[in-house]
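Residue strings, one per chain:
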Amino acid sequence: MAKPFASSADLGEKRQSLEVLADGVYALTAEGDPNVGAIEGEDFLVCFEALATPVAARAWLARLREHTGKPVRYLVLSHYHAVRVLGASAFGADVIVAHEKTRELIAERGEQDWASEYARMPRLFKEPGSIPGLTWPTATFSDRFTIDLGGGRGDLVLQYCGRGHTEGDLVAWLPERRVLFAGDLVESQAALYTGDAFHRDWASATLDRVASFGAETLVGGRGAVARGKDGVAAAIGQTRDFLTVMLREAGAADSLKEAFARTHRALAPRYGSWPIFEHCLPFNVSRLWDELHGIERPRVWTAERDRQVWNELQS
Ligand SMILES: [Zn+2]
């Protein structure tokens, strides 16, 4: 029997857990669905990631409002993917911050990515009609952006670590608490999506840079919060291993189909049961195959190209 397309048959609600990581530092995890976070400043909030629709985001904000009533001054977007950004209007943020490449990618492929992700993961798009349009960052940077939290809370540092999950990922680092919000650059007990990635950079210099913060708590893009130096090292190590195995297996293949078969065989024993593994792998291998054959920037995913790649590799 053919496998259902991407996550289109994944319709079961996931349980969301709000965790207080430190005084005024929050994460909402959801059993492998996209994670979000929030950091309190003296008299304002910084929210990290926006979820897929304003309705989905409002449910998260309602949970957060059980802990703090401060207004959202900054909404930080780790990268351009639709399920991370299209809920932005619910936050009423004064400033929407992203890397400069993220803004460019939204302009270049935001519409196509919206259609692609909606078809791949319909369950995440709660009341899709509530999305007013593409989300446009109002403040961008190339290397580092610092937010003074005030009231002796220190800074929140937004840092570009190099090309990785996309061309423009940022991480949010809270040095006072040694907490890192890593976006999709790190996954913890969840499969990686690499369909828009730069595998070689990500597996080497970019993850080195992420590890160099010395975080003691790490919130990845999906999956559980990683706790303690060992837990953080394990999450980063898992991410690097996934990429390294992909690079090795696809690099030894003579065709795209063989690359998919080899990668699937090598990854499945360790990662096959993790969220979105089967969904992601055809798109991942397609992009990696391009990267290994001189296509510098990821090709734009459209709803049509998604189906074509899926039918070729996964069904
Ligand atoms: Zn992503």
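Cut-offs and rules
- Residues numbered from 1 in each chain as written.
- Predicted model: local features only at pLDDT ≥ 70, side-chain atom pairs only at ≥ 80, totals over all residues.
- Heavy atoms only, no water.
- Core = buried A, V, L, I, M, F, W, Y, C linked by side-chain atoms within 4.5 Å.
- Buried < 20%, exposed > 50% of the residue type's maximum accessible area, 1.4 Å probe, protein only.
- Helix = DSSP H or I, 4+ residues; strand = E, 2+ residues; numbered from the N terminus.
- Polar contact = N/O pair within 3.5 Å; in protein donor to acceptor, adjacent residues only side chain to side chain.
- Contact = heavy atoms within 4.5 Å.
- Phe/Tyr/Trp six-rings, centres within 6.5 Å; stacked < 30°, edge-to-face > 60°.
- Lys NZ or Arg CZ within 6 Å of the ring centre and 35° of its normal.
- Axes fitted to C-alpha atoms, helices over the stretch in contact; angles between N-to-C directions.
- Parallel < 35°, antiparallel > 145°, perpendicular 65-115°, else oblique.
- Left-handed = near helix turned anticlockwise from the far one by under 90°.
- Nonpolar A, V, L, I, M, F, W, Y, C, P; charged D, E, K, R; others polar.
- 1 Å grid on protein atoms, 1.4 Å probe; cavity = no way out; pocket = protein on both sides within 12 Å on 5 of 7 lines; lining within 4 Å.
- Points joined across faces, edges and corners; volume = space filled by probe spheres on them.

Enquirer: Is there a simple way to explain the nonpolar core in this structure?
Expert: The nonpolar side chains of soluble globular proteins are, as a tendency, buried together. Formed by 49 residues in total, the largest nonpolar core has its most connected members in Leu180, Val186, Leu218, Phe242, Leu267 and Phe283. Where this core is concerned, the elements lending two or more residues are strand E10 (170-174), strand E11 (179-183), helix H4 (199-211), helix H5 (228-251), helix H6 (256-271), helix H7 (277-292) and helix H8 (303-313). Element by element, the count of residues in this core is highest for H5, at nine residues. Formed by 30 residues, the second largest nonpolar core is a distinct cluster that contains Val83, Phe91, Ile96 and Phe125.

Enquirer: So what exactly am I meant to see when it comes to the side chain of histidine 79 here?
Expert: By secondary structure assignment, the location of histidine 79 is in the loop between strand E5 (72-76) and helix H2 (82-85). Residue histidine 79 is classed as buried on the basis of its relative accessible area, which comes to 0%. A polar side-chain atom of histidine 79 sits 3.0 Å from a polar atom in the side chain of histidine 81. Not counting the four nearest positions on each side in its chain, histidine 79 is found in contact with Arg84, Val85, Thr102, His165, Thr166, Gly168, Asp169 and Asp184.

Enquirer: So what exactly am I meant to see when it comes to the packing of aromatic side chains here?
Expert: Each aromatic ring pair is characterised by the separation of its centres together with the angle its planes make. Summed over all chains, the structure comprises twelve aromatic pairs. Between tyrosine 271 and tryptophan 274 the ring centres are 5.2 Å apart and the planes differ by 80°, which places this aromatic pair in the edge-to-face class. Put simply, the rings of Phe5, Phe283, Trp301 and Trp310 pair up and form one aromatic cluster. For arginine 120, the ring lying beneath its charged end belongs to tryptophan 301, and the centroid distance is 5.1 Å. Across the ring face of phenylalanine 5, the terminal group of arginine 307 is positioned such that the distance to the ring centre comes to 3.9 Å.

Enquirer: Looking at this structure, how should I read the packing of H5 against H7?
Expert: Running from N to C, H5 and H7 point in directions that differ by 60°, and their axes come no closer than 10 Å. In terms of axis orientation, H5 runs oblique to H7. Regarding H5 and H7, the two cross each other, and that crossing is right-handed. Touching Phe242, Met246, Leu247, Ala250 and Gly251 of H5 are Phe277, Asn284, Val285, Leu288, Trp289 and Leu292, all from H7. Residue composition of the contact of H5 with H7, by class: nine nonpolar, two polar and no charged.

Enquirer: Just to check I follow, could you spell out the side chain of histidine 81 for this structure?
Expert: Structurally, the position occupied by histidine 81 is in the loop between E5 and H2. At 2.7 Å, the side chain of histidine 81 forms a polar contact with the side chain of aspartate 196.

Enquirer: Hey, could you run me through empty space enclosed by the protein in this one?
Expert: To find leftover empty space, a probe the size of one water molecule is rolled over the atoms. In the structure shown here, the tally under the stated rule is five cavities of 30 Å³ or more. Here the largest cavity defines a volume of roughly 160 Å³. Surrounding the largest cavity, 21 residues form its lining, His81, Glu117, Met121, Tyr193 and Arg222 being those nearest its centre. Of all elements in the fold, only H2, helix H3 (100-120) and H7 reach the threshold of two or more residues within the lining of the largest cavity. Considering every element that reaches the lining of the largest cavity, the biggest residue donor is H3, with four residues. Class assignment for the residues of the lining of the largest cavity results in eight nonpolar, five polar and eight charged. In this structure, the second largest cavity occupies an estimated 50 Å³ of space. Put simply, the parts of the chain that give the lining of the second largest cavity at least two residues each are H2 and H3. Broken down by element, the lining of the second largest cavity gets its largest block of residues, four residues, from H3.

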